[in-house]
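# Structure at a glance
The chain contents come next:
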Amino acid sequence: MTLLDFARGPGLQGAWLVMVGGTAWRIAGILLLRQRLHLAAPRIGFAGRVRGGLATVFTRFVPRRTFWPRIAVSVGLSSTFHLGLAVIVLGGAPHIQVIHQFFWLTWPSLPKGLVVIVSGLTLASMIALLFRRIYHPVLRLLSTTDDYLSWLLVFLPVLTGILLSGETIASYRTLLTLHILSVELMMVWLPFGKLLHVKLAFYSRAAMGMNFARKGAAT
Amino acid sequence: MESAETLGEVLGRRGFGRRSLLKFAIAMTSSLALPPALAPVMAANLAKAKRRSVIWLSFQECTGCLETLLRSSSPSIEALIFDFVSLDYQESLMAAAGADAERTLREAVAANKGEYLLAIDGSIPVKDGGVYSMTGGRSNLGMLSEIAADAKAVLAIGTCAAYGGIPKAYPNPTGAAGVEDLISGKPIVNIPGCPPVPEVLSGVLVHFISFGHLPELDDRKRPLAYFGTTIHDQCYRRPFYDQGKFAKSFDDEGARQGWCLFELGCKGPVTHNACASLKWNGGTSFPIESGHGCIGCSEPDFWDAGSFYTSLAGGSSAGWRNTGIALGVGVAGGLAAALSGRRKST
Amino acid sequence: MTDFSFLTDDKLVEALLMEVAGLLRGLIDRDEGGSIDLRGLPLSPSCIETLDRCLGQGEISVVLDAAGRSEIRETSLPGVWWTKHADGAGRVIALLIEVAVTPAILRADLADMKRGLDRMPALLAKTAGRTS
């Protein structure tokens, strides 16, 4: 069995099972956390709380105006790289193929050139964010191994993906193998670190929004 | 057996002048990606060379390799190759059988000790003492070790001889292996393919006879001139790949337009071979030209690399059942963790 | 494999013509020409056609029948030859631009000439038989 055969076979299956099982474990654990007892009566009915929760999911995409001058750059970079990843994963023809193969869903792909340009922007913004994390005194103190590892495991698939699209540096086989393996590493790590925000970001925003709504605070 | 005559004399007697030889050398240098200036040198060396003894042993194989090589050459200039070698032992082709055949082999080895080329097609079973493939009461492994010991070089012809091929495919009941896994200390050249491209064998033989050594090989012992690029690199449908134009099924508009077959499982991007440039059946076409993706038959373990029709972008799925089990185990683990957390906090 | 698709036909033809000029200069100055193996280069059929048209037709065309047909044409540039070798089945096995005073394959070979000479007595005997 060549390394590519492993990556496309047992490697992919294993990474998928670890990701599914690990995510189920984390989410089940979170859902079963003991809820803090609310001693005050809710200010708003259940429907209002749900509305507040849902609204928060979207309002938090745009930061408060007072914070803008300080965080415009990092929000811009983060948005670029998050939107970039979405474009790459949902727009790249080979990625749609993988999704189609596993879930029978399909949609038209974006032109390869566009996906490559977006990948370049994504890569550049990720590098900029890493520098910011390293050189920003507060952010550096707050950063743990998890942050750097999660960054690396997202960075590698993007990097190998760009190299693969150009078929430079190494052979197609080598680059494809590295690309698939790097994605599998990310899949394995996803449930256990901060990458789980892929699944939890909206959940935590909604939970917070509902809590605020209950207390009558602005969401 | 080696004759005292030089190749130039043999060809001259048969009515082939030196021009034919030079023309052959021009075609061969082109095929071997050598500088054209080497053609006259190659022609001169070939004219002076003696016929080289080739001993061909067939192990766990289907005879497809031999069929391809025999069928290919009749009208082409490569037919000359049969004047350059003396095929002293080949069980499928020789008239001798039984004890006579065994004597022929012994004599050929003795007469050309250290000078003959050993050609192998088929894989070698090593499990249970190699009992799964025997000739005249001897195991393939025993014959290979013995005959290879006195060979000048070993040619592993076809994917089975090179890497184990289909006999080695899961679950490999006979413990099949390729030549390079079993022989050491000899120059080995792999000419993989199921079957291999005949022109590659001609190129390797001619290079060896005219220059006295094997052509430049890559890290898998394949002649670089033929295996240096992938099918994808040389494919005439490559522009469609670059433009993102893919056939989605074998009978859609894209397939009719001759678009790239990547999404239909073509393994061209990871397959090293010369099909796209040399083509098959006297230059008629090659699989992609006939509308089917490359199945990667010249790569190790190609039979176990998943479906021929799953694109390289995809892979084998873990299945809904296993996914369900993982989901269940995960939820149970989360439940247990949460419960133990609650107990601790109270 | 390097991707040559960024090169247009014109650029490739230009590069090859420069190469031909270099070889021709070598032939004039140092008496050493050379060949360009057109099948070893990633050229499209249209590119080869353009190159053929650019080089044009000279004074000599030779057809060789040796283990298949070969066509050797002098281009409009003296000393530059367009050489196409086919095998017995008519399949092209080599396509070259050769820069030489005479393409090597046209010269009669010493061993071949000797073999011819050896045949002379028999030929003479036959001729003598016919005239007597």
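These remarks concern the structure in this document.

What counts and how
- Residues numbered from 1 in each chain as written.
- Chains lettered and ligands numbered in written order.
- Predicted model: local features only at pLDDT ≥ 70, side-chain atom pairs only at ≥ 80, totals over all residues.
- Heavy atoms only, no water.
- Salt bridge = Lys/Arg side-chain N within 4 Å of Asp/Glu carboxyl O.
- Helix = DSSP H or I, 4+ residues; strand = E, 2+ residues; numbered from the N terminus.
- Buried < 20%, exposed > 50% of the residue type's maximum accessible area, 1.4 Å probe, protein only.
- Lys, Arg positive; Asp, Glu negative; His and termini not counted.
- Contact = heavy atoms within 4.5 Å.
- Axes fitted to C-alpha atoms, helices over the stretch in contact; angles between N-to-C directions.
- Left-handed = near helix turned anticlockwise from the far one by under 90°.
- Nonpolar A, V, L, I, M, F, W, Y, C, P; charged D, E, K, R; others polar.
- Pairing = 2+ DSSP bridges.
- Core = buried A, V, L, I, M, F, W, Y, C linked by side-chain atoms within 4.5 Å.
- Domains from an automatic or database assignment.
- Patch = residues over 30% accessible without salt bridge, like charges linked within 9 Å, V, L, I, M, F, W, Y side chains within 5 Å.
- Areas by Shrake-Rupley, 256 points an atom, 1.4 Å probe, with all protein chains shown as cover.

## A closer look at the pattern of salt bridges
Working definition: two side chains of opposite charge can pair if their charged atoms are close together. Throughout the structure, instances matching the rule amount to 28 salt bridges over all chains. One salt bridge connects Lys152 of chain B with Glu115 of chain B, and the closest N-O pair in it is separated by 4.0 Å. Placement of the pair is Lys152 of chain B in the loop between α7 (140-149) and β7 (153-157) and Glu115 of chain B in the loop between α6 (98-111) and β3 (117-121), with a sequence separation of 37 residues. Look at the salt bridges and you will find they share partners, linking Arg173 of chain A together with Asp218, Arg220, Arg222 and Glu299 of chain B into a network.

## Quick word on the side chain of Asp5 of chain A
Assignment of secondary structure puts Asp5 of chain A in helix α1 (residues 3-8). Buried charge without a salt bridge: Asp5 of chain A, with Arg173 of chain A as the nearest opposite-charge side chain at an N-O distance of 5.2 Å. Residues within four places of Asp5 of chain A in sequence aside, it is in contact with Pro10 of chain A together with Asp301 and Ala305 of chain B.

## Side note on the packing of helix α4 (residues 68-91) of chain A against helix α6 (residues 112-135) of chain A
Residue and element names in this part refer to chain A. Between α4 and α6, the least distance of the axes is 8 Å, while the angle of their chain directions is 145°. The way α4 lies across α6 gives a crossing that is left-handed. For the pair α4 and α6, the contacting residues are Ser74, Leu77, Ser78, Thr80, Phe81, Gly84, Leu85, Val87, Ile88 and Gly91 in the first and Val115, Val118, Ser119, Leu121, Thr122, Ser125, Met126, Ala128, Leu129 and Arg132 in the second. Looking at the contact of α4 with α6 residue by residue, the class counts come to eleven nonpolar, eight polar and one charged.

## Describing the pairing of strand β5 (residues 92-99) of chain C
Each regular strand displays side chains that alternate between the two surfaces of the sheet. Residues and elements named next belong to chain C. With seven of eight residues buried, β5 is to be regarded as a mostly interior element. Bridging between strand β1 (residues 34-37) and β5 involves four bridges; their strand directions are antiparallel. Bridge pairing in β5 places Gly34 opposite Val99. Where strand β4 (residues 80-86) lies against β5, seven bridges are found, and the strand directions are antiparallel. Looking at the pairing, Trp82 lines up with Ile97 of β5.

## Examining the sheet that holds β7 of chain B
All names here are of chain B. In spatial order, the strands read β2-β1-β3-β7-β9; together these five strands make up an open sheet with parallel pairing. Of all strands in the sheet, those with a lone pairing partner are β2 (85-90) and β9 (188-191), marking the two edges. For this sheet, the mean angle separating the axes of adjacent strands, direction not counted, is 20°. The sheet contact formed by strand β1 (residues 52-58) and β2 spans five bridges and is parallel. Looking across to β2, one finds that Val54 is bridged to Leu87. On top of the sheet, α7 reaches β1, β3 and β7; it is set at about 160° to β3, its chief contact.

## Regarding the sheet that holds strand β2 (residues 61-65) of chain C
With antiparallel pairing, the five strands of this open sheet are ordered in space as β1-β5-β4-β3-β2 (chain C). Looking at strand neighbours, the two that pair on one side only are β1 and β2 of chain C, the edges of this open sheet. Across this sheet, the average inter-strand angle for adjacent strands is 20°, counted without regard to direction. Across the sheet, helix α2 (residues 18-31) of chain B lies against β1, β2, β3 (69-74), β4 and β5 of chain C, angled at about 95° from β5 of chain C, the strand it touches most.

## Examining the nonpolar core
All names here are of chain B. Core analysis: the largest hydrophobic core is formed by 61 residues, its most contacted members being Leu46 and Phe84. Per element, the largest residue contribution to this core is seven residues, and it comes from helix α9 (residues 198-211). Looking at which domains feed residues into this core, each of domain 1 (7-227) and domain 2 (231-326) gives three or more. Excluding its chain neighbours within four sequence positions, the residues that come into contact with Leu46 are Leu7, Gly8, Leu21, Phe24, Phe84, Val206, Ile209 and Ser210. Core analysis: the next-biggest nonpolar cluster, separate from the first, contains 26 residues, Met94, Met143, Ala162 and Ile183 among them.

## Focus on the environment of Gly58 of chain C
Residues and elements named next belong to chain C. Structurally, Gly58 is set in the loop between α2 (45-55) and β2. Of the residues examined, Gly58 reaches a relative accessible area of 23% and is grouped as partly exposed. Taking the C-alpha atoms as reference points, Gly58 and Leu77, separated by 19 residues in sequence, lie 6.9 Å from one another. Sequence-distant contacts of Gly58, defined by excluding residues within four places in its chain, comprise Glu74, Thr75 and Ser76.

## Examining a nonpolar patch on the surface
A cluster of nonpolar side chains, namely Val89, Leu90, Phe103, Leu105 and Trp107 of chain A together with Trp320 of chain B, defines an oily patch on the protein surface of about 610 Å² accessible area. Mapping Trp320 of chain B onto the fold places it in helix α15 (residues 320-345). Note on Trp320 of chain B: relative accessible area 62%, which makes it exposed.

Such coordinate-based values are descriptive only and should not be taken to indicate function.
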